[in-house]
Amino acid sequence: MNRFILRIEKEIISVCKYLAEKEYIVGTDGNVSVRVDDTKMVITPKAKSKLNLKPDDLVIIDFEGKKIKGFNEPSGEWRVHSMIYRFRQDVNAVIHTHPTYSTVSSVAGVRFDKVVLPEIIVSVGNIAVVEYGTLYTEDLAKKVQKYVQDNNAFILKNHGLVTVGEDIKTALYRTEKVEHLSKVIIIAKLLGSIDYLTDSQVEEISKLVK
Ligand SMILES: [Zn+2]
C-alpha cells in the first residue's frame, strides 16, 4: 500500500512540475489527483505552487473531502475530482488546469461538438463545454456531473479545463491534446473559417476506436 501511494505521489509531483513549466497552470492554480481505491484519492494541496511539490505537500482525502493523511488542506476543487471518481469507475486520474488556449476558448464561447482533428476522436473522445459554476462549489461539481459519463475532457466556462484518464499519463495527454486543439481552432478562426470533418469522415474514424 505504502509503495503504491509513494508511486502515485511521484507521478503527481512530476506531472504538476510539467504542467507548471508548460504554463498550463500559473501561480498556485490547478489541481491533480489520482484514485487510491473506491473511497480515497491523493490530491494536490490548496493554494501552493505546483512547480516543486514534495510528497508531504500532497493530501489523501476520502470522497467526502475528509482528510486522511497530510499537513495541508486539499485543493478547493476536490468536489469535482470526487464526483468524477464516483461516477466513472474507469477513471483513475483527474487533471484541472487553466491552459491559455483552452481558457480563451472557454471565455470566447468556442464549441467543441464538431470534429476538427481526427486524432482527437482517437485520443480524447468527446469534449464537453460545461456551464459556468462558481469555483470550489458543489454546484460546479454538479454541472460537470451532467457530462461526466460521455466525455473525457471538460471545458469549464470562463474558467479552464478538466481531463480524466485511466491513468495520469492519459489524463495528461488529453490536457495537451485539448490545448493543442483549442489553439488550432482559435488560429483557424482568426484566419477566417474552419473546415469541419463530415459525418461520414467521423464515422470512418469512430470505427477504428470501437
Ligand atoms: Zn481552476
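As a starting point, this report considers the structure included with it. (Residues numbered from 1 in each chain as written. Predicted model: local features only at pLDDT ≥ 70, side-chain atom pairs only at ≥ 80, totals over all residues. Heavy atoms only, no water.)

## So, the coordination of the zinc ion
Stated formally: Here a donor is any nitrogen, oxygen or sulfur atom (N, O, S) within 2.8 Å of the metal, with 3.2 Å used for Na, K and Ca; water is not among the atoms considered, so some sites may look incomplete.
Around the zinc ion, the protein supplies His96 (NE2), His98 (NE2) and His159 (NE2) as donor atoms, at distances of 2.0 to 2.1 Å. Here the donor residues of the zinc ion share one chain and are spaced in sequence as H-x1-H-x60-H.

## Comments concerning the pairing of strand β5 (residues 93-97)
Cut-off, in case you're wondering: Only protein chains enter the area calculation, which uses a 1.4 Å probe; residues under 20% of their type maximum are buried, those over 50% are exposed, and those in between are partly exposed. Each helix corresponds to a stretch of at least 4 residues labelled H or I by DSSP, and each strand to a stretch of at least 2 residues labelled E; elements are numbered beginning at the N terminus. A pair of strands is labelled paired if DSSP reports no fewer than 2 bridges between them.
The buried fraction of β5 is high, at five of five residues. Burial along β5 is two-sided: Ala93, Ile95 and Thr97 facing one way and Val94 and His96 facing the other are all buried. The sheet contact formed by strand β1 (residues 31-35) and β5 spans four bridges and is antiparallel. Its bridge partner lying in β5, Val32 is registered against Ile95. As paired elements, β5 and strand β8 (residues 160-165) share five bridges and run antiparallel to each other. What sits directly across from Ile95, in β8, is Thr163.

## Comments concerning the pattern of salt bridges
Definition in use: Every case where a carboxyl oxygen of Asp or Glu lies within 4 Å of a side-chain nitrogen of Lys or Arg is listed as a salt bridge.
One pass over the full model with this rule turns up 16 salt bridges. A salt bridge links Asp57 to Lys48, with the nearest nitrogen and oxygen atoms 4.0 Å apart. On the basis of relative accessible area, Asp57 is assigned to the buried category, the value being 15%. For Lys48, a relative accessible area of 31% corresponds to the partly exposed category. Salt-bridge contacts for Lys146 lead to Glu131; the nearest nitrogen and oxygen are separated by 3.3 Å.

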